[in-house]
Amino acid sequence: RYFGAAVAAGKLGDSVYTGILDREFNSVTAENEMKWDATEPQQNQFNFTNADRIANYAAANGKLLRGHTLLWHSQQPGWAQALSGTALRNAAINHVTRVAGQYRGRIHSWDVVNEAFADGTSGGRRDSNLQRTGNDWIEAAFRAARAADPAAKLCYNDYNTDGINAKSTGIYTMVRDFKARGVPIDCVGLQSHLTNGPPGDYQANLQRFANLGVDVQITELDIPQGSNQAKAYAHVTRACLAAARCNGITAWGARDSGYWPGNGNPLLFDRSGNKKAA
Ligand code: XIL
């Protein structure tokens, strides 16, 4: 099991920040630096400068490295936003192949696809340029990622999926289908941006995914200060420890300062870098 934080390359020169990472976490995730707009700003012109800062920090400091994210409807480069159909599908698969290949052997788990399901009661896919290339875009991405980095655990990651609801059930059904058909998938990420703390069926939801034969990871945990923060963090941690195959928790940042989207003080260390009750 690992315990991670999302990190920003620009903060790695701050010794209070890296002091927290060094002491308290054994895995890091790029908050933005491995996203499509960052790694492929022009088509087929890859830029790993900032992603490498994080990968090199991890390697130099004995941290595991979690990959986030290969394909997502958001934070796409302009050129990809302008593509559709076969041209977009081919570009997306090329992106997966090249980025997963670049970090082959160095990433313990990759968010291959992020946030592809719709909010609300439909349980279906979110509309996006990627979805409009055909419903099989997710499995095509997972197959390409497996070929490019066979050792990495391949995850599907989403939000508002922390309890048992239409959206998480849609994902559950997709994962069950992937396992039945031999589409390579190893883990499900529950982002767990828990504005109101974890839902009562949080652990049951973790466990039902685990029962499909995939690992479960809590990938972007944050809980605002007001909402019984310490108890809520304890609840999440106990649920992960109790559920079979919940093998990691990542907090969406190390300390409250600089937190996205800027307020709520939702992390484990305060603005001065002191540990909070949570
Ligand atoms: C956020 C970053 O934290 C911000 O810095 C950026 O401006 C927007 O994206 N779900 C995800 C993450 O999967 O990649 C998002 O990260 C937060 C929501």
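Above this note sits the structure.
About the criteria used
- Residues numbered from 1 in each chain as written.
- Predicted model: local features only at pLDDT ≥ 70, side-chain atom pairs only at ≥ 80, totals over all residues.
- Heavy atoms only, no water.
- Near = heavy atom within 4 Å.
- Polar contact = N/O pair within 3.5 Å; in protein donor to acceptor, adjacent residues only side chain to side chain.
- Areas by Shrake-Rupley, 256 points an atom, 1.4 Å probe, with all protein chains shown as cover.
- Nonpolar A, V, L, I, M, F, W, Y, C, P; charged D, E, K, R; others polar.
- Disulfide = S-S within 2.5 Å.
- Helix = DSSP H or I, 4+ residues; strand = E, 2+ residues; numbered from the N terminus.
- Expected span 1.5 Å × (residues − 1).
- Buried < 20%, exposed > 50% of the residue type's maximum accessible area, 1.4 Å probe, protein only.
- Contact = heavy atoms within 4.5 Å.
- Phe/Tyr/Trp six-rings, centres within 6.5 Å; stacked < 30°, edge-to-face > 60°.
- Lys NZ or Arg CZ within 6 Å of the ring centre and 35° of its normal.
- Pairing = 2+ DSSP bridges.
- Axes fitted to C-alpha atoms, helices over the stretch in contact; angles between N-to-C directions.
- Core = buried A, V, L, I, M, F, W, Y, C linked by side-chain atoms within 4.5 Å.
- Salt bridge = Lys/Arg side-chain N within 4 Å of Asp/Glu carboxyl O.

> Break down the site of the ligand for me, with residues and values.
Of all residues adjacent to the ligand, which total 13 residues, the nearest are Glu31, Asn32, Lys35, His68 and Glu220. With respect to the ligand, the side chain of Gln75 contributes an N or O atom lying 3.2 Å from an oxygen atom. If the ligand stood free it would expose 420 Å²; the protein chains cover 81% of that surface. Of the residues belonging to the shell around the ligand, the class tally is three nonpolar, six polar and four charged.

> Please give an account of the state of the cysteines that cites residues and values.
All chains considered together, the criterion is met by two disulfides. The disulfide partner of Cys155 is Cys187, and the S-S distance across this bridge is 2.0 Å. Here the disulfide of Cys155 and Cys187 is left-handed, its torsion about the S-S bond being about -85°. With Cys155 in strand β5 (residues 153-158) and Cys187 in strand β6 (residues 187-190), this pair connects stretches of sequence that are 32 residues apart. Across the disulfide from Cys240 sits Cys246; the S-S distance is 2.0 Å. Measuring the twist about the S-S bond at about -100°, one finds the Cys240-Cys246 disulfide to be left-handed.

> So what about helix α7 (residues 166-181)? Which residues, and what values?
With 16 residues, α7 should reach 22 Å at 1.5 Å per residue; the first-to-last C-alpha distance of 23 Å fits that figure. Every buried residue of α7 is accounted for by Lys167, Ser168, Gly170, Ile171, Tyr172, Met174, Val175 and Phe178. Those residues of α7 that are buried are in contact with α6 (137-148), β5, β6 and α8 (202-210). For α7, the side-chain oxygen to backbone nitrogen distance between the N-cap and Lys167 is 3.1 Å, and the N-cap itself is Asn165. Positive backbone phi, approximately 80°, marks Gly182, located one or two places after α7.

> So, the packing of aromatic side chains: which residues are in play, and what are the values?
A full pass over the atoms with the stated rule returns nine aromatic pairs. Taken together, a centroid distance of 6.2 Å and an interplanar angle of 70° make the contact between Phe142 and Phe178 edge-to-face. Highlighted residues: Phe142 in helix α6 and Phe178 in helix α7, separated in sequence by 36 residues. The burial state of Phe142 is the same as that of Phe178; both residues are buried. Put simply, the rings of Phe3, Phe25 and Phe269 pair up and form one aromatic cluster. Lying across the ring of Tyr159, Lys167 places its NZ or CZ 3.5 Å from the centre. Against the face of Tyr172 rests Arg208, its NZ or CZ located 4.9 Å from the ring centre.

> Outline the sheet that holds strand β3 (residues 64-72), listing residues and values.
Strand order in the closed barrel formed by eight strands is β1-β2-β3-β4-β5-β6-β7-β8, and the pairing between neighbours is parallel. Strand-to-strand twist of the sheet, defined as the mean angle between neighbouring strand axes without regard to direction, takes the value 25°. The pairing of strand β1 (residues 2-7) with strand β8 (residues 246-251) spans four bridges and is parallel. Among the inter-strand pairings, Phe3 is bridged to a residue of β8, identified as Ile249. Here α6 sits on the sheet and contacts β3, β4 (109-114) and β5; the angle it forms with β4, its principal contact strand, is near 155°. Sheet strands in contact with helix α9 (residues 229-242) are β7 (215-221) and β8, and its direction is about 155° off that of β8.

> Describe the nonpolar core, with residues and values.
The biggest cluster of nonpolar side chains holds 83 residues, and the ones touching the most others in it are Trp110, Val113, Phe142 and Tyr156. By residue number, the principal contributor to this core is α6, which donates seven residues.

> Tell me about the side chain of Asp158, and name the residues and values.
Among the secondary structure elements, Asp158 is positioned in strand β5. Within polar-contact distance, the side chain of Asp158 engages the backbone nitrogen of Ala116 at 3.5 Å. With near-sequence residues (within four places) excluded, Asp158 lies in contact with Glu115, Ala116, Phe117, Lys167, Ile171, Gly189, Leu190 and Gln191.

> Residues and numbers for the pattern of salt bridges, please.
Summed over the entire model, instances satisfying the criterion amount to 12 salt bridges. In this structure, Asp186 engages Arg146 in a salt bridge whose closest nitrogen and oxygen atoms are separated by 2.9 Å. In this pair, Asp186 is assigned in the loop between α7 and β6 and Arg146 in helix α6, connecting sequence segments 40 residues apart. A relative accessible area of 16% places Asp186 in the buried class. Across the salt bridge formed by Lys167 and Asp158, the nearest N and O atoms sit 3.3 Å from each other. Assigned by exposure class, Lys167 and Asp158 land together as buried. Salt bridges linked by common partners bring Asp119, Asp158 and Lys167 together as one network.

Shape is all these values report; function is a separate question.
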